[in-house]
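# Working through the structure, step by step
Below are the chains, spelled out letter by letter.
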Amino acid sequence: MSFDTRLLLGDEAVAQGALDAGISGCYAYPGTPSTEIMEFIQRCPERRERPLHAQWSVNEKTAMEAGLGMSYAGRRALVCMKHVGLNVAADAFVNAAVTGTHGGLVVVAADDPSMHSSQNEQDSRFYAKFALLPCLEPGNQQEAYEMTVYGLALSEKLRLPVLLRLTTRLAHSRADVRPGPRRAPNELSMPDNERRFVLLPAIARRNYAALVARQPELLQAALADGFNAFRPGPNRALGILAAGPAVNYLHESFPRGICPHPVLKISQYPVPPELLRQLLDSCDQLLVLEDGMPLLEEFLNGPLGDPRIRGRLSGQLPRTGELTPDTVAAALGRPVRPSRPASELVMARPPRLCDGCPHIESYKALQEVLAGTPAARVFADIGCYTLGALPPFEAIHSCVDMGASISMAKGAADAGLHPAVAVIGDSTFTHSGMTSLLDAVCENTRMTVFILDNGTTGMTGGQESAAAGRLDSLVAGLGVPAAKIQVITPLPQQHAANVAALRQAIFNTDGLAVVIARRECIQTAKIHKK
Amino acid sequence: MKYDILLCGVGGQGILTIGHVVGEMARRAGWRVKQPEVHGMAQRGGAVEAHVRLSEAPVHSDLIPRGGADLIVAMEPLEALRHLPLLAPDGWVITATESVRNCAGYPESAALLAELDALPHKVLLPVADLARQAGSPRGANMVLLGALSTRLSFPEAAYGAAIRDLFGRKGDAVVQANLAAFAAGRAAAV
């Protein structure tokens, strides 16, 4: 067994599954916990053997659309993002259900319950339900591999995109995975009916009605294809509905992994009602174990509630945060193992900006400029520089979503707030800041956009930035006059000049000003030096 | 046979590398492995942990349950203490004694080490010193791996093979330095 297995992260198992299933391209924007899928594909030996697209996209929406385009052309594609990235891609994702697909198309959304590296813990299973698409939720790394292979085949069979949902725990956990055979990639070919991709209302109405009419096929696949399974058990006082990786915590709770209760394991949605009926008929009460939001529990409860259903809503499990073996064991009423209390000496050790990080110098200069102006507000964005919220800087007042720094600063400036400063990284700027900047350009809004250009997507590990080498021309191209664009170098010896530049931009500019602080990320600089 | 090992430290200390060596070695021995790691923002100087679950039988949960860890292996003493609730009553703590003081209000070293020293089963090692003495100043994590190896049943040669495979592409000098650090940790912990 040891010779034909590999230790793979859940993310890497998805990537290997997609490669073995014959994808011709992967499209993604980096985002924890999904980043390692694309990184694995970029490193894979297959790239030397055949054409395989593996470049980062500018954002999740362009990734989703490019994936749909590759599918249109008959080839298989994988699209990957973190859960909040699916919000960005949602327009394309939901409409791709209406156009349908041609080559297999699997969209991976990696959810982050407990918000280890995120701003919310939204549950991507809702998106699949919303778009009327199949959703796969692998329970372990081997299933992550197998369900990616299956998902691409299912997509080609149904001619629909398939959503594959991961959570942080599986995405970032390594296990021994046994890969299967390789499939050849598809040749270039056109869809059977190209009009279905033209979503004029008349066509969209027909497509949408067909999508609704085909839901029984999705249920049939979820019933027959083997990833959902009911297993009877002698102790019928309680039945268990366990979704995806939750089944692991269930088995962990019993000696030798033998659960005495009837168990329905769900890894494919929509959930066939006959399986739910079988489980409900075999037990007095039902405990729902699912990571993320209580989607199945709410479904089973119905609007009026059902006293037989237990889980996150009834208080047997915490309403928020990821499941753990301990919370699941407690919900099952299992005996608590003896353990030591936490040490009183322990304190939080939050992440911080690296020693020598250019953002440190950018924040030092900004703080000096704004020191005498308590009315000033700094709207920041998603990236390492969000750490500027923590001591010693405590320099920013918001971090909401990709690109929101510029748009929020604009809205606040429109409301009369001055000085309004946006702080955004180069990669976040190309992801979602450019359109926001154009809004400010159109009105010459009295605000300053401070772009921290470290030449990379730093927080996710240094992926290439779409802004690299073209940021100044992008800013100018959006219509910011050359006289209102300054470029500074965030180094300690440049501090006085940087303070002067920011002061000029914030206090002595008519309307919109842009300051670009350019110095390479200290982490990627170390790698480039080697 | 099974080992549940909680590896911990501060971002950048090479904790995940220890996990890779042990996990890969167990896989080659035909064991089952689950190994969740902290990636992303926390690696920027924050607390980092990896649960390494090795078993001859299938492993269910990726995470180690409270009170279930056979070993806590720490590159930093405060991080060792952080995870004590995971430790089984008869579990071992193997920890570096050198502190990384990058957070406000970091406790006195003497108090930290006294609490660790009061545990029934522990190995406290100055891993950075031992690595320097072994001529491998960047091999502190391999010193800790050497110490850990004394508590596991895998043959010493298996670690050597895993270290060679992991560092081979960096050249023989790097491999030898890491092997020397591993040997120093193993000798110090016996």
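Criteria and cut-off values
- Residues numbered from 1 in each chain as written.
- Chains lettered and ligands numbered in written order.
- Predicted model: local features only at pLDDT ≥ 70, side-chain atom pairs only at ≥ 80, totals over all residues.
- Pairing = 2+ DSSP bridges.
- Helix = DSSP H or I, 4+ residues; strand = E, 2+ residues; numbered from the N terminus.
- Expected span 1.5 Å × (residues − 1).
- Buried ≥ 20, exposed ≤ 12 C-beta atoms within 10 Å, placed from the backbone.
- Axes fitted to C-alpha atoms, helices over the stretch in contact; angles between N-to-C directions.
- Contact = placed C-beta atoms within 7 Å.
- Nonpolar A, V, L, I, M, F, W, Y, C, P; charged D, E, K, R; others polar.
- Right-handed = clockwise from strand over helix to strand, strands pointing away.

To continue, consider the sheet that holds strand β9 (residues 238-243) of chain A. Backbone-to-backbone hydrogen bonds join strands into a sheet, with any given pair of strands oriented parallel or antiparallel. Across the sheet, which stays open at both edges, the five strands sit in the order β8-β10-β9-β12-β13 (chain A) with mixed pairing between neighbours. On the outer flanks of this sheet lie β8 (229-231) and β13 (309-310) of chain A, each paired with one strand and no other.

On to helix α1 (residues 15-28) of chain B, then. Residue and element names in this part refer to chain B. Look at α1: 21 Å from first C-alpha to last across 14 residues, which is about the 20 Å you get at 1.5 Å a residue. Most of α1 is tucked away, with 11 of its 14 residues classed as buried. Within the span of α1, buried status applies to Ile15, Leu16, Ile18, Gly19, Val21, Val22, Gly23, Glu24, Met25, Ala26 and Arg27.

Residues and elements named next belong to chain A. Read from one edge of the open sheet, five strands run β14-β15-β16-β20-β19, paired in parallel fashion. Each edge of the sheet is formed by a strand with only one pairing partner; in this case those strands are β14 (377-379) and β19 (485-488). Adjacent strand axes in the sheet meet at a mean angle of 20 degrees when their direction is disregarded. Bridge analysis of β19 against strand β20 (residues 513-518) gives four bridges, and the strand direction is parallel. Paired with Ile485 across the bridge in β20 is Val514. Where helix α19 (residues 495-507) meets the sheet, it contacts β15 (420-425), β16 (448-453), β19 and β20, and its direction lies at approximately 160 degrees from that of β19.

Turning our eyes to something else, we now look at the interface of chain B and chain A. Across the contact, 45 residues belong to chain B and 44 residues belong to chain A. Of all the elements in the fold, those that place two or more residues in the side of chain B that touches chain A are α1, β2 (32-36), α2 (77-82), β5 (87-96) and α3 (109-117) of chain B. The element best represented in the side of chain B that touches chain A is β2 of chain B, accounting for five residues. Residues belonging to the side of chain B that touches chain A are distributed by class as follows: 20 nonpolar, 14 polar and 11 charged. When strand β7 (residues 173-177) of chain A meets β2 of chain B, the two strands line up antiparallel, connected through three bridges. Within the sheet, the bridge partner assigned to Ser173 of chain A lies in β2 of chain B and is Pro36 of chain B.

Residues and elements named next belong to chain A. In this fold, Thr457 is placed in strand β17 (residues 456-457). Look at Thr457 and you get buried, because 28 C-beta atoms sit within 10 Å. Put simply, Thr457 and Cys521 are 64 residues apart on the chain and 9.0 Å apart in space, counted from C-alpha to C-alpha. Not counting residues within four places of it along the chain, the set of residues in contact with Thr457 comprises Pro30, Ser427, Gly462, Gln463 and Ser465.

Next up on the list: the pairing of strand β4 (residues 105-111) of chain A. Residues and elements named next belong to chain A. Within β4, seven of the seven residues are buried, leaving the element largely enclosed by the surrounding structure. Residues of β4 alternate between two faces, with Leu105, Val107, Ala109 and Asp111 on one and Val106, Val108 and Ala110 on the opposite face, all of them buried. Both strand β3 (residues 76-82) and β4 contribute to a ladder of six bridges, which runs parallel. Of the residues in β4, the one forming a bridge with Leu78 is Val106. With respect to chirality, the unit in which β3 leads through helix α5 (residues 83-99) into the neighbouring parallel β4 is right-handed.

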